[in-house]
Amino acid sequence: MTQPRKGSAGAHPRPKSASPWRLAAQRLSRHKLAWVSLLILVLFAVASLCAPVVAHFLGTDAQAVDLFSRYGPPGPGHPLGTDELGRDVLLRLLYGGQVSLMVGVSSALCAAVIGTIIGVIAGFRGGWIDSFLMRFTDGVISLPLLPLLIVLAAIDPGKLGIPRDIINGESFSLYRIILIIALFGWTTVARLVRAATLALREREFVMAARALGGGPVRIVMRHILPNVITPIIIATTLAVGNVILMESVLSFLGLGIQPPVPSWGNMLTHAQEFIWDAPLLALWPGLLIFITVIAVNFLGDGLQDALDPRADTDTMPETGQNDTQAAQWNDPRETTS
Amino acid sequence: MRRFIFNRLWQTALVMVLVSFGAYVLIGLMPGDPIDLMITANPAITSADVARLKGLYGLDQPLMLRWLHWLWAAINGDFGYSRLFTQPVTTLIGPALVNSLKLMLASWALSLAIALPAGIYAALKPQSFRDYAINLAAFAGVSIPPFWLGLVAILVFAVTLHWLPAGGTGQLDNASGWGGLRYMILPVATLTIASVGSHIRFVRGSMIEVMRQDFIRTARAKGLSERGVVIRHALRNGMMPVVTLLGLEFGSLFSGALITETLFSWPGMGRLIYNAVIGSDYNLAMAGLMLATLVTLIGNLLADIGYKLLDPRVKLS
């Protein structure tokens, strides 16, 4: 008996025969969503990079306070109105987009690098190094994420001996949040890479490379890494959405990106106070977070389908302790409620 | 089994000790330690006074020693005094736990009541229209920022429609019965929407995986109705990862929902931890963090045990 085809044919007892057209349409419709998502993300990225141009045309900048026109309605000078300090909402949304997208991508990339290094070392070296690193990973996974992130975000870097003038710099809170989120985000990639490395290590082409005298660094760089890149790409894409959510949560709580630098999260910090005066102000940033995150998730899902068609059903863990995290791609921990 | 549990309890204790050290160091790095605050509050304080106060509070001792002291006291049930609430930490945690539990249990039950049927329903016909629709809704649920969802809920139901209170528990105006329940509706709804998406995707994924197994084909081949196949063969196997998920989330029942509770002024554990961190209340923050870690670790352990109970093939090593 052949493998059941993915789709209605295998999973239903009396399948309607799936015509090639229907299959193609289904696949297209799936990937169309991913394409639309990519388009939206590119659009957001371009728009937020154009923020200085928009500022030039509006003749104001994102941090110009005008207390005489607080909660201004949308109008020619301010296409989306003004906020509680009379700043232009559209500009702040655009600059906030720069911050959110940058934090999302860089933090996910940092996490991917950390996770890849740990995963490759664990899978390639094996032995006690492997069990130590994996126990450590399990430990990190089992920690309550949000409370710890909040403590980390609240510590005073001055007490770590970092000079004050660096801390008070505008971009310090940006780097800090990228680092903090990456510090906890590497576990998924580490486990994926370790599992893949373990399997690859015993393959003939790796043994051949070893027999030809290839050192461990060369084998990892030339033979292992190119073959584990697919799961890394998928996991990292999906991580970008989570990071953006987490950044917005921390900034919302006043622990992430510090004003006056706008981010979609910190634009909502005081939303509860002005919700009576200007409800629309509370709407825009959240809507943009929502659209961005859902687009990233659709893109990740589409990539998963396209690059690794087998993987989207790999939700069954094997056994025991290592697999308390059952879903392979999506971290099921409730991180942001 | 007994040996496994014993080993895991031992490991859990070890992780707790390590985390408590990490948390102790981190919390000590938060701004505004007690002496700092006294210096700010009283400009006339001299450096001799500072040294004396540090000696009085034991802050002149090395970090390691202070942590061991904290640990010993904590093991004996003494978590110190909360500076923010001027009460012993242990008396603050009890009511907060109860409040969180109320909120989380309600949203947990609601979320599962939606996710189980929806996920299974979608999984029985993958790639169909209903699967896409359910999946789309699940993606939306996963991607929505929970604090914004809460804000919009307040905006619509409290500010505009005046149907429901915007926050609190109603204890102040002695609301009971329906009056008290009204205060729970918005936070519970927010939490449910925030978690139902990942639950649906989880249930769906594991059911699809099970429906592809050979024993499902066998069950069909022997002439079982589709209903029988699903109920007798697929569900039991498909629910195992869900048990894992429940175990992983068990901790959140007690550690609460930091954002939702803060947003709706719900006096639970999450809000307590947040206030402690923001207000530099070291003792309270320590106790809250440790409790959150402990319940999360216990949840992981329960997940593994539940797994074993459902599937005798699983070897617990």
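As recorded in an unreviewed UniProt entry, chain B goes by the name Diguanylate cyclase, listed as coming from Thalassospira mesophila. The heading Sequence similarities (unreviewed entry) in the UniProt record of chain B holds the text "Belongs to the binding-protein-dependent transport system permease family." UniProt, in its Subcellular location (unreviewed entry) section for chain B, records the words "Cell membrane".

A. How the structure looks around the overall build of chain B. Helix and strand counts for chain B come out as 14 helices and two strands. Summed over its atoms, the accessible surface of chain B is roughly 14700 Å², and 67% of this surface lies on carbon and sulfur atoms. Separation of charge centres in chain B, based on 24 positive and 15 negative side chains, amounts to 14 Å.

B. Spatial organisation of the overall build of chain A. What chain A contains, in helices and strands, is 13 helices and zero strands. Reading chain A from its N terminus to its C terminus gives the helix and strand order α-α-α-α-α-α-α-α-α-α-α-α-α. Each of the 337 residues in chain A was classed as buried or not, and the buried ones make up 52%. In chain A, the proportion of contacts linking residues at least 24 apart, taken out of those at least 6 apart, comes to 72%. In the structure as shown, chain A presents an accessible area of about 16000 Å², 66% of it carried by carbon and sulfur atoms.

C. View of unusual backbone geometry. Residue and element names in this part refer to chain B. One non-glycine residue with positive phi stands out, namely His162, at about 60°. With respect to the helices and strands, the residue His162 is situated in the loop between helix H7 (146–160) and helix H8 (178–211). Using a relative accessible area of 60% as the deciding quantity, one classes His162 as exposed. One non-glycine residue, Ser280, lies in the positive phi region at around 50°. On the secondary structure map, Ser280 appears in the loop between helix H13 (269–278) and helix H14 (282–310).

D. Layout of the domain arrangement of chain B. All names here are of chain B. What the domain assignment reports for chain B is domain 1 (1–78) and domain 2 (91–310). Of note, the centres of domain 1 and domain 2, computed from C-alpha atoms alone, are 33 Å apart. Both faces combined, the contact of domain 1 with domain 2 buries some 1600 Å², and carbon together with sulfur accounts for 82% of it. On inspection of domain 1 and its partner domain 2, the count reaches zero salt bridges. Our enumeration of links across domain 1 and domain 2 arrives at one residue pair in polar contact (both at pLDDT 80 or more). At 13 residues, helix H1 (residues 2–28) tops the list of elements feeding residues into the side of domain 1 that touches domain 2. Grouping the constituent residues of the side of domain 1 that touches domain 2 by class yields 14 nonpolar, four polar and two charged.

E. Seen up close, the pattern of salt bridges. Residues and elements named next belong to chain A. Using the criterion set out here, one finds seven salt bridges over all chains in the structure. The closest approach of N and O atoms between Arg194 and Asp130, which form a salt bridge, is 2.7 Å. With Arg194 in helix H9 (residues 187–201) and Asp130 in helix H5 (residues 127–141), this residue pair connects regions lying 64 residues apart in the sequence. Grouping residues by exposure puts Arg194 and Asp130 together as buried. For the salt bridge of Arg135 with Asp138, the shortest nitrogen-to-oxygen distance reads 3.5 Å. Here Asp138 and Arg135 lie together in helix H5, a separation of three residues that amounts to about one turn. Overall, Arg135 belongs to the partly exposed group, its relative accessible area being 38%.

F. Quick look at helix H6 (residues 145–154) of chain A. Here H6 of chain A lies mainly inside the structure; ten of its ten residues are buried. Along H6 of chain A, the residues classified as buried are Leu145, Leu146, Pro147, Leu148, Leu149, Ile150, Val151, Leu152, Ala153 and Ala154 of chain A. Looking at the buried positions of H6 of chain A, the neighbouring elements they touch are helix H8 (172–185) and helix H11 (216–252) of chain A together with H1, helix H12 (258–263), H13 and H14 of chain B.

G. Looking closely at the packing of helix H10 (residues 204–211) of chain A against H11 of chain A. Residue and element names in this part refer to chain A. Relative to each other, H10 and H11 sit at 170°, their axes nearing to 10 Å. Comparing their axes, H11 and H10 come out roughly antiparallel. Of the residues in H11, those in contact with Phe205, Val206, Ala209 and Arg210 of H10 are Ile219, His223, Ile224 and Asn227.

H. Region of the structure containing the environment of Ile150 of chain A. Tracing the backbone through its elements, the reader meets Ile150 of chain A in helix H6. What makes Ile150 of chain A buried here is its relative accessible area of 0%. When the C-alpha atoms of Ile150 of chain A and Gly241 of chain A are compared, they prove to be 19 Å apart, with 91 residues separating the residues in sequence. Beyond its immediate stretch of four places on either side in the chain, Ile150 of chain A contacts Leu250, Leu253 and Leu255 of chain A together with Leu258, Tyr274 and Val277 of chain B.

I. Structural view of the confidence of the model for chain B. In the predicted model, chain B carries a mean pLDDT of 84, and the fraction of residues at 70 or more is 96%. Two summary scores accompany this predicted model of the complex, namely pTM at 0.82 and ipTM at 0.84.

J. Geometry of the confidence of the model for chain A. Residues and elements named next belong to chain A. With 80% of its residues at a pLDDT of 70 or more, chain A has an overall mean of 78. For chain A, helix H1 (residues 8–11) is the element with the lowest average pLDDT, namely 44, and helix H4 (residues 89–125) is the one with the highest, namely 91. Low pLDDT, under 50, characterises residues 311–335; the predicted model gives this stretch 79 contacts beyond four residues in sequence or across chains.

K. The arrangement of a nonpolar patch on the surface in detail. Residue and element names in this part refer to chain A. Together, Trp35, Leu38, Val42 and Val46 make up a nonpolar patch on the protein surface, roughly 390 Å² of accessible area in all. Here Val46 is to be found in helix H2 (residues 20–49). Val46 sits in the partly exposed class, given a relative accessible area of 44%.

L. Spatial organisation of the side chain of Thr190 of chain B. All names here are of chain B. By secondary structure assignment, the location of Thr190 is in helix H8. Within polar-contact distance, the side chain of Thr190 engages the backbone oxygen of Leu186 at 2.8 Å. Every residue in contact with Thr190, bar those within four places of it in the chain, is listed here: Pro146, Leu149, Gly150, Ala153, Thr260 and Phe264.

M. Structural view of the UniProt feature "transmembrane region" (unreviewed entry) in chain B. All names here are of chain B. Under the UniProt annotation, "transmembrane region" (unreviewed entry) lies at residues 12–30, 105–124, 136–164, 184–203, 242–264 and 284–303. When the span residues 105–124 is considered, its composition is 100% helix and 0% strand, and the gap between its end C-alpha atoms is 28 Å. End C-alpha to end C-alpha, residues 184–203 measures 27 Å, and it is 100% helix and 0% strand.

N. Expanded view of the packing of aromatic side chains. Residue and element names in this part refer to chain A. Tallied over the entire structure, the rule returns nine aromatic pairs over all chains. Centroid distance Phe136 to Trp186: 6.0 Å. Interplanar angle 20°. Geometry classified as stacked. Remark: Trp186 occurs in the loop between H8 and H9 and Phe136 occurs in helix H5; sequence separation between them is 50 residues. The partly exposed category is assigned to Phe136, whose relative accessible area is 42%.

O. Representation of the packing of helix H5 (residues 89–124) of chain B against helix H11 (residues 240–255) of chain B. Residue and element names in this part refer to chain B. Following both chains from N to C, one finds H5 and H11 inclined at 155°, their axes separated by 8 Å at the closest point. With respect to their mutual orientation, H5 and H11 come out roughly antiparallel. In the packing of H5 onto H11, the handedness of the crossing is right-handed. On the side of H5, the interface is formed by Leu97, Ser100, Leu101, Met104, Leu105, Trp108, Leu112 and Leu116, while H11 contributes Val242, Leu246, Glu249, Phe250, Ser252, Leu253 and Phe254. Tallied by class, residues from the contact of H5 with H11 come to twelve nonpolar, two polar and one charged.

Basis of the calculations
- Residues numbered from 1 in each chain as written.
- Chains lettered and ligands numbered in written order.
- Predicted model: local features only at pLDDT ≥ 70, side-chain atom pairs only at ≥ 80, totals over all residues.
- Heavy atoms only, no water.
- UniProt positions renumbered as here; feature names shortened; annotations may be inferred.
- Helix = DSSP H or I, 4+ residues; strand = E, 2+ residues; numbered from the N terminus.
- Areas by Shrake-Rupley, 256 points an atom, 1.4 Å probe, with all protein chains shown as cover.
- Lys, Arg positive; Asp, Glu negative; His and termini not counted.
- Charge placed at Lys NZ, Arg CZ, Asp CG, Glu CD.
- Buried < 20%, exposed > 50% of the residue type's maximum accessible area, 1.4 Å probe, protein only.
- Contact = heavy atoms within 4.5 Å.
- Domains from an automatic or database assignment.
- Buried area = accessible area lost by both parts, 1.4 Å probe.
- Salt bridge = Lys/Arg side-chain N within 4 Å of Asp/Glu carboxyl O.
- Polar contact = N/O pair within 3.5 Å; in protein donor to acceptor, adjacent residues only side chain to side chain.
- Nonpolar A, V, L, I, M, F, W, Y, C, P; charged D, E, K, R; others polar.
- Axes fitted to C-alpha atoms, helices over the stretch in contact; angles between N-to-C directions.
- Parallel < 35°, antiparallel > 145°, perpendicular 65-115°, else oblique.
- pLDDT = per-residue confidence, 0-100.
- Patch = residues over 30% accessible without salt bridge, like charges linked within 9 Å, V, L, I, M, F, W, Y side chains within 5 Å.
- Phe/Tyr/Trp six-rings, centres within 6.5 Å; stacked < 30°, edge-to-face > 60°.
- Left-handed = near helix turned anticlockwise from the far one by under 90°.

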